[in-house]
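# Architecture and fold: a report
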Amino acid sequence: MLALKQEELFNEIDILPIDLKTKIVDKILASITPVNSSIDALWIKEVNKRKIDIETNSVSLIDGDEVFQKIAKRLNL
């Protein structure tokens, strides 16, 4: 009986719009790993610092493909 209910749930999820699916995923993830506001505050502070660094050209940006190529070369991939 439980398997049938799960299958019905999965079928319903399949037809939902993407924005509602992402809300459901967020809700599920939040229930698995509760919010830690002190860590979130630190991340927000770091993101804002990095944003300012980028806007003021204090840092040099590297294209993502270049980064992955360097990593692959280091790991001999």
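I will try to describe carefully the structure that is included in this document. (Residues numbered from 1 in each chain as written. Predicted model: local features only at pLDDT ≥ 70, side-chain atom pairs only at ≥ 80, totals over all residues. Heavy atoms only, no water.)

## Some thoughts on unusual backbone geometry
- The residue Asn57 is not glycine, and still its phi comes out positive at about 60°.
- Tracing the backbone through its elements, the reader meets Asn57 in the loop between α3 (37–55) and α4 (64–74).
- A positive phi is found at Asn76, a non-glycine position, where the angle reads about 55°.
- Within the element layout of this structure, Asn76 appears in the segment after α4. (Helix = DSSP H or I, 4+ residues; strand = E, 2+ residues; numbered from the N terminus.)

## Digging into a negative patch on the surface
- On the surface, Glu7, Glu8, Glu12 and Asp14 cluster together into a patch of negative charge.
- For Asp14, the location among the structural elements is in helix α1 (residues 2–14).
- Taking relative accessible area as the criterion, Asp14 reaches 54% and is therefore assigned exposed. (Patch = residues over 30% accessible without salt bridge, like charges linked within 9 Å, V, L, I, M, F, W, Y side chains within 5 Å. Areas by Shrake-Rupley, 256 points an atom, 1.4 Å probe, with all protein chains shown as cover. Salt bridge = Lys/Arg side-chain N within 4 Å of Asp/Glu carboxyl O. Lys, Arg positive; Asp, Glu negative; His and termini not counted. Charge placed at Lys NZ, Arg CZ, Asp CG, Glu CD. Buried < 20%, exposed > 50% of the residue type's maximum accessible area, 1.4 Å probe, protein only.)

## Re the pattern of salt bridges
- Under the definition given, this model contains four salt bridges.
- The salt bridge partner of Glu55 is Lys51, with a shortest N-O separation of 3.0 Å. Of this pair, Glu55 and Lys51 are both found in helix α3, four residues apart, which corresponds to roughly one turn of the helix.
- Exposure remark for Lys51: the relative accessible area of 46% places this residue in the partly exposed category.
- A salt bridge links Glu66 to Lys70; the shortest N-O distance between them is 3.5 Å.

## Section: α3
- If you check α3, its first and last C-alpha atoms are 27 Å apart, about what 19 residues at 1.5 Å a residue would give, namely 27 Å.
- Asn57, located one to two residues past α3, shows a positive phi value of around 60°. (Expected span 1.5 Å × (residues − 1).)

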